[in-house]
Amino acid sequence: MTIATLSSPKIKMSVIGPIVALVVLIIMGALMNPNFLSAGNISNVLSRSAFIGIIAVGMTFVITAGGLDLSVGSMAAFIAGLMILVMNTALPVMGIGIPIVLLGMAVALFAGLFAGMLNGVLITRLGMDAFIVTLGSMGIYRSLVTWLADGGTLSLDFSLRTFYQPVYYGGTLGVSWPIIVFALVVIGGELLMRSTAFGRHCAAIGSNDQVARYSSVRVARVRMLTYVMLGVLVGIATIMYVPRLGSASSATGLLWELEAIAAVIVGGTALKGGFGRVWGTVIGVLILTLIGNILNLTDLVSPYLNGAIQGAIIILAVVLQRGRKPGQ
Amino acid sequence: MKRLISALAVSTALVTPAFAQDTQVIGVSIPAATHGWAGGMNYFAQAAIDRLEETYPQLDFVLATAADPSRQVNDIEDMLATRNISALVVLPFESEPLTGPVQNVANAGVWVTVVDRGLSVEGIEDLYVAGDNPGFGRVSGEYMVSQMPDGGDIVVLRGIPTTIDNERVAGFEAAIEGSGINVLGMEHGNWNRDTSFEVMQDFLSRHPQIDAVWASDDDMAIGVLAAIEAAGRDDVQFVLGGAGMKEMIQRVMDGDTMIPANVTYPPSMIATAIEVTALGVVSQTPVSGEFIIGSVLVTQDNAEQFYYPDSPF
Amino acid sequence: MGHAVTTPILALSKVSKSFGPIEVLHGADIALHPGRVHALIGENGAGKSTMMKILTGYQPPSAGLVMLQGQPVSFADMGQAEAQGISLIHQEFNLADHLTVAENIFLGSELRRGWFLDKPAMRARSRDLLGRLRCDVDPDRLISDLSNSDKQMVEIAKALLRDTNVLIMDEPTAVLTRTETAVLLDQVRALRGHGTAVLFTSHKLDEVVAIADDLTIMRDGSVVWSGPANEMDEHQMAEAMVGREISTLYPPKDSMKGALALEVEGFHVPGFAEDIHFTLRKGEVLGIAGLIGSGRTETFEGLAGLRAAHGTVRINGDTVTIRHPWEALALGLAYLTEDRKTRGLLLTKGLRENLTLQSLHKFSNWVINTRAEDAALNHAVTEFDIRGSRSVDVGSLSGGNQQKLLFAKTMLSDPDILVIDEPTRGIDIGTKQQMYEFIRKLAAEGRAIVVISSEMQEVIGLSDRVLVMRQGRIAGELTGDSATEDAIVRLAMGVGQSAPLERTA
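Residues numbered from 1 in each chain as written. Chains lettered and ligands numbered in written order. Predicted model: local features only at pLDDT ≥ 70, side-chain atom pairs only at ≥ 80, totals over all residues. Heavy atoms only, no water.

Another point: the overall build of chain B. Secondary structure assignment for chain B yields 10 helices and 12 strands. A compact globule built from 313 residues should have a C-alpha radius of gyration of about 20 Å, and chain B, at 21 Å, falls within 12% of that. The principal-axis extent of the C-alpha atoms belonging to chain B is close to 65 × 35 × 35 Å. In chain B, which comprises 313 residues, the share counted as buried stands at 58%. Look at the contacts in chain B between residues 6 or more apart in sequence, and 74% of them connect residues 24 or more apart. Of the accessible surface of chain B, which amounts to about 12300 Å², a share of 49% is contributed by carbon and sulfur atoms. When the 14 positive and 42 negative side-chain charges of chain B are each reduced to one mean point, those points stand 3 Å apart. (Helix = DSSP H or I, 4+ residues; strand = E, 2+ residues; numbered from the N terminus. Rg over C-alpha atoms; globule rule 2.2 N^0.38 Å. Buried < 20%, exposed > 50% of the residue type's maximum accessible area, 1.4 Å probe, protein only. Contact = heavy atoms within 4.5 Å. Areas by Shrake-Rupley, 256 points an atom, 1.4 Å probe, with all protein chains shown as cover. Lys, Arg positive; Asp, Glu negative; His and termini not counted. Charge placed at Lys NZ, Arg CZ, Asp CG, Glu CD.)

Structural data, given as structure tokens:
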């Protein structure tokens, strides 16, 4: 037996790259504005990361299994619109109270489940390309929400919104709900990716779906589940999003899909699939949110250049990971 | 002023009933409803067309909404090529890319009405109907000055970086110059509720004392208000939005101290443009020239006149 | 030799080739003469492809000389050999499917007029070249629309364009029907008439008899016979190819045969196999022989739910329907693929992930028990003698260790019926022997085993019974002493029978 025991003490750039980028950002932010590390600002940043973050956790699984979903942003807008519409409609019957909020949440979860399933069926059962399917559903949901809102904005009834608002602004033990939910999703996702057969199967399918098939893995079902899970997580994100402003329009969730994908990749998941890590995605989301936060907190650069700074940092974070296989 | 024009249109309609001509087609090309103001504009365009089609049986309207400038060019080319339009009412997505195609339409002898955003070359359009962007900024600035005679610290949320936004901000800055009002920071909220929510949260983290906010748009004002409310800050005395969204007008009407006023930039200007154009097509009434719809300060006293409960905006 | 009066245009002299410590070609000679067709035959793995690769500059020899026109040369790459007029046509066509015939013929050496392509000239030239081959394919047709024989002609036309005087073809008729083959052979005769030296390999001995002037027979990396083709008949050729006793490489076939484990009747894999029927007992090793493309792999992939198939399948006497691989696994039937690099193992993952992939449910109860996985890996490493660092990706293990890992992975799911496709492809003799022992041991444990192999000795040495497949059908069954390589070759090639005019792939 010449097997060496599992030990690789050398530090992998792919692991520490995103962490280094995050730490550098935090130090930069703290130096530039003393309020950056205030409890209020940290809470703000984490709460606003929650939407993209919850979605990005689902996206991590989809991408790890070799897929892609471009529809999440408009799916979120559509679900938010649907949720507001249903809650407003039910208001005269149900009145303000917990049941109507639960109804809204159920609508969001089922709509997410259904939308994810639709993507999944088209991709896995009809064998269509994920890029095209989700590009199509992206357009469909985006115009459905415009149609539902009649070109304008759907607003949750004001008193209902006031009742529902604590779901975004409230919290327990000094931590707001979106942060708690985000944390739970991350912990669950990390566990699922790292320690379950499902996570292992996602990585196997993403690295070589033929090998997975020949190893009796239910390739279509696992792929399908990744899309369904992402849909449900979009529903959860929407449940957190709606009470924030109580409205949905065709501008809701614009470009969320790209932010989520960018967060996943910045976090070290391979875009071509086969390898994914949920904690990395969290780092990626935080990096993306912090860039905007720091730029708002300082006058360092012209606001016209915000996009350029964001792009440069995304590229930098990915460059930092390239210690993995030099020269291959 | 809009009412004045509507009245004019209606009276002309009464003067020239059923002129029994061949059907004439008026093309209307506008950007799609991608944000609140555009949604309102779409609504008023559709409403005006419905009303006019009933009033003038000899008129036919083609309405096209485009999601980006190149699609708008396609729409306009199609209208000229296949619908044989007699007049075109266009709210250009952007000035530069639309100038050439609209010029072609004008060269083909079609009446051209340009709305809101001017073309890059002067003299193409027969009629120009627009809001007053520098005026919008100026009225907002003057209101700020009147509310804060001793000066104060404010933050400003800007729209999507465009000429419209630049003109408004320039007008605003000119109006507050020397008044003692100090602008702590300006960031782009992109006329988007979510973005302005986050921008305002960060303004609040950064500046411990903010006296007032010029949100410059009602969608942005909603995001700003939510951020202030969530932060529980009571130093901000009021938020000035703009464009006259019905929910905001309602709050002005109700005497909400956070929303004491509004400045109009009516999306219904598209209706003005369509009605005047229709008038020009069906009658000999001279309607060419420029028609600038001024931005009006809305306060609790006059808010009722600016409240359109049926509009989505 | 001395049967040819001309100087060989291209020859190998005492050429050896080693890959690492393994020598696969031992001091081989061959000589190609202008205007003569030379056939190179031998079993799979006998060294034919290595020899062709050395002749065409694709690989350098480890020892010995490549002689061009009697002078030693060393080609740095295929481009240099091509510049000397030597062309190799691969078994898998090297054509761009979405380009036209003319575009393919001129790919890389397009005719230009100024800045632009001179399409009319290329078209005319293509028509002319194809005309010389008596092939009337329109130069504007897409390659994807052509039949296999026409594709072969385009390949040859491509070679002609480059002023080829030595044309080397690797099994040019493997994918052709009988009629297509006849056309090709005619055209090879035409090339010979123009003074081209032609070398080709084939498993179809009747073609060799029909067209070859010279013949070289290889076995185990050595040339065992060389001379004028008319000195050998088909039977002698077959004997020379296989002429070796079966060594003690193979463990004794002493397992007890039990009850029927698998019965297959009227089994069809559309496009690949029809009317397959056989039975398999517990403790039995059933060998499946046949040429590549005879439908062996597809038949068993169909059985394992990896391909659409239909027919009656009984496992332990119960009729079953298997539509997906996991259904097969649940019934205790596992298929171990011949293609370990793209279908068997995740090359970018570690040993542990690969080992347990097929039977992860045994290690997880919501959460995967990595400790149990490590224990399984320890066990597998010991039992199957897997060598190499555990922290590396599987892709960097040697072929033999990969094969052992794949074997361990499949065995972890504890199948009762195990189909092993090419158990020893690309691995050295020592590991081969280990694999044979594993297989016999599994049979002794009472498992029913199918071994698919292109190596006839392996099939004979390992199996209790041999089924030979030809053109998607069972061509015959051989047991005991009747299972000789000669007999397998006859059944696999249909020697002495009139072959139906069917497509074989």
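After that view, the rundown keeps rolling.
To continue, consider a negative patch on the surface. All names here are of chain B. Taken together, the side chains of Asp50, Glu53, Glu54 and Asp60 present a region of like negative charge at the surface. For the negative patch, the element with the most residues is helix α2 (residues 36–55), which contributes three residues. Exposure remark for Glu53: the relative accessible area of 30% places this residue in the partly exposed category. (Patch = residues over 30% accessible without salt bridge, like charges linked within 9 Å, V, L, I, M, F, W, Y side chains within 5 Å. Salt bridge = Lys/Arg side-chain N within 4 Å of Asp/Glu carboxyl O.)

With that settled, the discussion passes to the interface of chain A and chain C. Tallying the contact residues gives 24 residues for chain A and 37 residues for chain C. Buried surface at the junction of chain A and chain C, both sides included, amounts to about 2600 Å², of which 59% is carbon and sulfur. Across the contact surface, chain A and chain C share one salt bridge. Where Glu373 of chain C meets Arg200 of chain A, a salt bridge forms, and the shortest distance between an N and an O atom there is 2.7 Å. (Buried area = accessible area lost by both parts, 1.4 Å probe.)

The subject of this paragraph is the pairing of strand β11 (residues 214–219) of chain C. All names here are of chain C. Most of β11 is tucked away: six of the six residues are buried. Here β11 shows two buried faces, one formed by Asp214, Thr216 and Met218 and the other by Leu215, Ile217 and Arg219. Taken together, the five bridges between strand β3 (residues 37–42) and β11 define a ladder with parallel strand orientation. Residue His38 lies in a different strand from β11, and its bridge partner there is Asp214. (Pairing = 2+ DSSP bridges.)

This part takes up the interface of chain A and chain B. Taken together, the contact between chain A and chain B spans 32 residues of the former and 28 residues of the latter. Together chain A and chain B conceal approximately 2400 Å² of surface at their shared face, both sides included; 41% is due to carbon and sulfur atoms. Across the salt bridge formed by Asp202 of chain B and Arg48 of chain A, the nearest N and O atoms sit 2.9 Å from each other. Summed over the shared surface of chain A and chain B, the number is 14 residue pairs in polar contact (both at pLDDT 80 or more). When residues of the side of chain A that touches chain B are traced back to their parent elements, those giving at least two are α2 (39–64), β1 (153–155), α7 (166–169), α11 (219–245) and α13 (278–297) of chain A. (Polar contact = N/O pair within 3.5 Å; in protein donor to acceptor, adjacent residues only side chain to side chain.)

This part covers the sheet that holds strand β6 (residues 152–158) of chain B. Residue and element names in this part refer to chain B. An order of β7-β6-β8-β9 is seen for the four strands of this open sheet, with the pairing classed as parallel. Across the chains shown, the open sheet's two edge strands, defined by having one partner strand only, are β7 (181–188) and β9 (238–240). Averaged over all pairs of adjacent strands, the angle between strand axes in this sheet comes to 20°, irrespective of strand direction. Note that β6 and strand β8 (residues 212–214) share three bridges and pair parallel. Note on β8: the bridge partner recorded for Val156 is Trp214. Of the strands in this sheet, β6, β8 and β9 touch helix α8 (residues 218–231), which is tilted by about 165° from β9. (Axes fitted to C-alpha atoms, helices over the stretch in contact; angles between N-to-C directions.)

Bringing the environment of Ala240 of chain C into the picture now. Residue and element names in this part refer to chain C. Within the fold, Ala240 resides in helix α8 (residues 234–242). The class of Ala240 is buried, set by a relative accessible area of 16%. Ignoring any residue separated from it by four or fewer positions in sequence, one finds Ala240 in contact with Ile217, Arg219, Val224 and Met232.

All names here are of chain B. Its 14 residues give helix α6 (residues 163–176) an end-to-end C-alpha distance of 20 Å, which sits within 8% of 20 Å, the value for a rise of 1.5 Å per residue. Within the sequence span of α6, burial applies to Ile164, Asp165, Arg168, Val169, Gly171, Phe172 and Ile176. Projected down its long axis, α6 shows its buried positions confined to an angular sector of 160°, all on one face. Counted as exposed and oriented over 90 degrees from the buried face of α6: Thr163 and Ala174. Its buried side turned inward, α6 meets α5 (133–147), β6, β7 and β8. Residue Gly178 follows α6 closely and has a positive phi angle near 75°. (Expected span 1.5 Å × (residues − 1). Arc of directions from axis to C-beta.)

A separate point is the packing of helix α9 (residues 197–207) of chain A against α11 of chain A. Residues and elements named next belong to chain A. The N-to-C vectors of α9 and α11 enclose an angle of 110°; their axes lie 10 Å apart at closest approach. What the angle tells us is that α9 and α11 run roughly perpendicular. Where α9 abuts α11, its residues Phe198, His201, Cys202 and Ile205 lie against Val219, Val222, Arg223, Leu225, Thr226 and Met229. (Parallel < 35°, antiparallel > 145°, perpendicular 65-115°, else oblique.)

All names here are of chain B. Domain boundaries assigned for chain B yield domain 1 (2–131 + 266–294) and domain 2 (133–263). With centres defined by C-alpha atoms, the gap from domain 1 to domain 2 works out at 32 Å. Facing seven residues of domain 1, the contacting portion of domain 2 comprises five residues. For the pair domain 1 and domain 2, the summed buried surface comes to about 440 Å²; carbon and sulfur atoms form 53% of the total. Counting every contact that joins domain 1 to domain 2 gives zero salt bridges. Connecting domain 1 to domain 2 are zero residue pairs in polar contact (both at pLDDT 80 or more). (Domains from an automatic or database assignment.)

By definition, the strands of a sheet pair up through backbone hydrogen bonds, in either a parallel or an antiparallel sense. Residues and elements named next belong to chain C. The six strands lie next to each other as β6-β9-β10-β3-β11-β12, forming an open sheet whose pairing is mixed. With one partner strand each, in any of the chains shown, β6 (86–89) and β12 (222–228) form the two edges of the open sheet. If you compare each strand with its neighbour and ignore which way they point, the axes differ by 15° on average. As defined by bridge partners, β3 adjoins strand β10 (residues 197–201) across four bridges and the pair is classed as parallel. Bridge assignment links Val37 to a residue of β10, and that residue is Val198. Against the sheet, helix α1 (residues 48–55) makes contact with β3, β6, β9 (166–169), β10, β11 and β12, and its axis sits at roughly 140° relative to β3, the strand it touches most. Its contacts with the sheet place helix α5 (residues 148–161) against β6 and β9, and it is angled at close to 165° to β6.

Another point: the environment of Thr252 of chain A. With respect to the secondary-structure elements, Thr252 of chain A resides in the loop between β4 (247–249) and α12 (256–266). With sequence-adjacent residues up to four places away left out, Thr252 of chain A is seen in contact with Gly73, Ala77, Arg142, Tyr241 and Ser247 of chain A together with Asp194 of chain B. Engagement of the side chain of Thr252 of chain A in a polar contact is seen with the backbone nitrogen of Ser249 of chain A, the distance being 2.8 Å.

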